[in-house]
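# Notes for the structure review
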Amino acid sequence: MPMTEPSELREKVRAGYAAAAVKVTEGGTACCGSQTEGIDEKFGPAGYAADERDALPAEAVAASLGCGNPLAVAELREGERVLDLGSGGGIDVLLSARRVGTSGKAYGLDMTEEMLALALANAKKAGVTNVEFLKGAIEAIPLPAATIDVVISNCVINLSVDKPAVFAEMFRVLAPGGRVGVSDVVAEDHLTPGERAERGDYVGCIAGALSFAEYRQGLEAAGFTEVEITPTHQVADGMHSAVVRAVKPAHAPLPLVAEASAGGSCCG
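Only a predicted model underlies this, so the values are computations on that prediction, with no experimental measurement involved.

Attention now moves to the packing of aromatic side chains. Considering all chains together, one arrives at two aromatic pairs under this definition. Ring geometry for Phe 167 against Tyr 215: centres 5.4 Å apart, planes inclined by 45°, an arrangement best described as tilted. In this pair, Phe 167 is assigned in helix H7 (residues 163–173) and Tyr 215 in helix H9 (residues 212–222), connecting sequence segments 48 residues apart. One exposure class covers both Phe 167 and Tyr 215, and it is buried. The lysine or arginine in question, Lys 248, covers the ring of Phe 171, its NZ or CZ lying 4.6 Å from the ring centre.

On inspection of all chains with the given rule, the structure shows ten salt bridges. Of the charged contacts, one joins Arg 179 and Glu 80 as a salt bridge, the two residues approaching to 2.9 Å between their closest N and O atoms. Placement of the pair is Arg 179 in strand E5 (residues 174–187) and Glu 80 in the loop between helix H4 (71–74) and strand E1 (81–85), with a sequence separation of 99 residues. On the accessibility criterion, Glu 80 (9% relative accessible area) is buried. The salt bridge partner of Glu 228 is Arg 245, with a shortest N-O separation of 3.7 Å. Here Arg 245 lies in strand E8 (residues 239–247) and Glu 228 lies in strand E7 (residues 225–236), a separation of 17 residues in the sequence. Its relative accessible area of 29% is what places Arg 245 among the partly exposed residues. A network of salt bridges, in which partner residues are shared, links Arg 77, Glu 80 and Arg 179.

Averaged over all residues, the pLDDT of the protein chain equals 81, while 71% of them reach at least 70. Looking over the protein chain, one finds the lowest element-wise mean pLDDT in helix H10 (residues 256–263), namely 41, and the highest in H9, namely 98. With pLDDT under 50 throughout, residues 257–268 is counted as low confidence; its partners more than four residues away or in other chains account for four contacts.

When you tally the buried positions in helix H5 (residues 91–100), you get eight out of ten residues, the bulk of the element. Listed in full, the buried residues belonging to H5 are Ile 91, Asp 92, Val 93, Leu 94, Leu 95, Ser 96, Ala 97 and Val 100. Among the residues trailing H5, Gly 101 stands out with phi positive, at a value near 75°.

The rules behind these values
Residues numbered from 1 in each chain as written. Predicted model: local features only at pLDDT ≥ 70, side-chain atom pairs only at ≥ 80, totals over all residues. Heavy atoms only, no water. Phe/Tyr/Trp six-rings, centres within 6.5 Å; stacked < 30°, edge-to-face > 60°. Helix = DSSP H or I, 4+ residues; strand = E, 2+ residues; numbered from the N terminus. Buried < 20%, exposed > 50% of the residue type's maximum accessible area, 1.4 Å probe, protein only. Lys NZ or Arg CZ within 6 Å of the ring centre and 35° of its normal. Salt bridge = Lys/Arg side-chain N within 4 Å of Asp/Glu carboxyl O. pLDDT = per-residue confidence, 0-100. Contact = heavy atoms within 4.5 Å.

Structure, rendered in structure tokens:
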């Protein structure tokens, strides 16, 4: 059986989540897109406390497709700048915006027009103004270097077809000392990619999951330190929802381009 091309996988992901957004807009509830029985119920709004869900528009909660609650570990502070990778209907962006206050800002990044439209509508209903939703790929984040304090994501990095690029972009946009607080699906180290695919499809957040060792190695290769990957609950045989934490070292240098644009050129 031939391998699926990355471009085909990306389009399958985009189409699956566009359909989920349309379903919510029409009054339904989204699901993670998995075709494997017994997996869908492991995803969605259950990871959020009742008071968090009750404070948001019903459509934001209905569109939740995550495998956890990254805000439970991100420890957001007043005035911080937060970026949510694969922000979907906006639930984590809206909750982040409340935590960082009017002196902070929450960005959401999504490649799906339908999800972005839903997120904007949810932000308007919630009356939250310190948010901005961006269209783009998580492998090429449309933000300048060193402009974000915290990167969060909820069951999205496993959907990427180029995870090293995602980790590199996370590192680039974080300011020195910035941190990562992510929920994602992670496989036990003994499972091969083929065995992961047997447990669920790519759009359903299973087949594209990294192993614990691969996740750690990817983050460390990008420059992150203090990497912690803690499983929270099983979503399939040998597959777990996990909390991922990491830090960009405080001494990490700014990219040369950013330094030049900030300070101008000089004779050297």
